[in-house]
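Inside the fold
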Amino acid sequence: MKNINYFFLAILSYASVSFAQLKPVKYKDGTQVLNGFEIQPSKKNLQKPGILILPAWMGIDKLSKDTAENLAKLGYYAFIADIYGEGNYPKDYKEAGQNAGFYKTNFKDYQKRIALALEQLIRSGANPENIVVIGYCFGGTGALEVARGHLNVKGVVSFHGGLGKAATRPTEPISAKVLVCHGADDPYESKEEITAFQQEMRDTKADWQMIYYANAVHSFTNPESGNDNSKGAAYNEKAAKRSWEHLKLFLNEVLKK
């Protein structure tokens, strides 16, 4: 009988892990409808750590969804932000560039959309004092804007994100810990912009790390980016795996679990 009980407990435990899944969430910025996704951790804990995921310039994609599911398996609440909103999702790279460009220029609007997504992450159950924001490409830029905008998070992580900010913007102290995972051969970030970013981190007295991955270009975490580095954006399996491990180390350091 005891063995049978253990068997059923094991089945229930397995089921609780298997059934953690993404749930669509509608929320708003004024009259603009936004469509994000939330997921509960497979195994909950008292500290309720949360991760906000900021997608790349095409909007919520398979990479951001896979990331949320993998983070839930590790015990994190996760929420994928919708930055553009209904009626504004890009149909192609040209529209994506225009949309992303608007928010990069109008960074206060970007920070506001991220803050609204953070509220949804907290509503899903995450501890508001135990959150990290991560982002890919355009979303990586957003993660850095979270730090620059002094949103209440423990840390931010940028994967192959844009690093620059307008030279006319003031440089203020940054309290959130910063991790930048960067392709060593990314053609979209100039040496000048990288140097300026690193100087910004020094000037703001930030606790920051920047890790370079050999033979990696832009979008190296995304399997849907192909494998042709000459195009400037391509998947790199080794860099993707290494950056995931670096993310986990960062989360273990920054968040309470």
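A short tour of the structure in this document, coming up. (Residues numbered from 1 in each chain as written. Predicted model: local features only at pLDDT ≥ 70, side-chain atom pairs only at ≥ 80, totals over all residues. Heavy atoms only, no water.)

**Notes on the nonpolar core**
Grouped together as the largest cluster of nonpolar side chains are 39 residues, with contacts concentrated most on L52, V133 and V178. With 6 residues, the single largest contributor to this core is helix α4 (residues 107-123). In this structure, L52 is in contact with F79, A81, I114, A117, L118, L121, V132, V133 and I134, ignoring residues within four places of it in sequence. With 29 residues, the next largest nonpolar core counts I39, Y136, F250 and L255 among its residues. (Core = buried A, V, L, I, M, F, W, Y, C linked by side-chain atoms within 4.5 Å. Buried < 20%, exposed > 50% of the residue type's maximum accessible area, 1.4 Å probe, protein only. Helix = DSSP H or I, 4+ residues; strand = E, 2+ residues; numbered from the N terminus. Contact = heavy atoms within 4.5 Å.)

**Things to note about the pattern of salt bridges**
One pass over the full model with this rule turns up 10 salt bridges. As a salt-bridge pair, K26 and E86 come within 2.6 Å of each other at their nearest N and O atoms. A residue pair is termed long-range when its members are at least 10 positions apart, and K26 in strand β1 (residues 23-29) and E86 in the loop between β4 (77-80) and α3 (93-105) qualify at 60 residues. Its relative accessible area of 58% is what places K26 among the exposed residues. A salt bridge links E200 to R148; its shortest N-O distance comes to 2.8 Å. Here E200, found in helix α6 (residues 191-203), pairs with R148, found in helix α5 (residues 138-148); they are 52 residues apart in sequence, far enough to count as distant. By sharing partners, the salt bridges in this structure join E145, R148, R169 and E200 into a single network. (Salt bridge = Lys/Arg side-chain N within 4 Å of Asp/Glu carboxyl O.)

**Focus on the packing of α3 against α4**
Axis separation between α3 and α4 bottoms out at 4 Å; the angle between their running directions is 100°. With respect to α4, the axis of α3 lies roughly perpendicular. Of the residues in α4, those in contact with F102, Y103, K104 and T105 of α3 are F107, D109, Y110 and R113. Across the contact of α3 with α4, the residue classes tally to 4 nonpolar, 1 polar and 3 charged. (Axes fitted to C-alpha atoms, helices over the stretch in contact; angles between N-to-C directions. Parallel < 35°, antiparallel > 145°, perpendicular 65-115°, else oblique. Nonpolar A, V, L, I, M, F, W, Y, C, P; charged D, E, K, R; others polar.)

**Digging into unusual backbone geometry**
For K48, which is not a glycine, the phi torsion comes out positive at approximately 50°. Within the secondary structure, K48 sits in the loop between β2 (32-39) and β3 (50-54). Relative accessible area serves as the criterion here: at 36%, K48 is assigned to the partly exposed category. Despite not being glycine, N215 has its phi angle at roughly 60°, a positive value. Looking at the element boundaries, N215 is found in the loop between β8 (208-213) and α7 (237-254).

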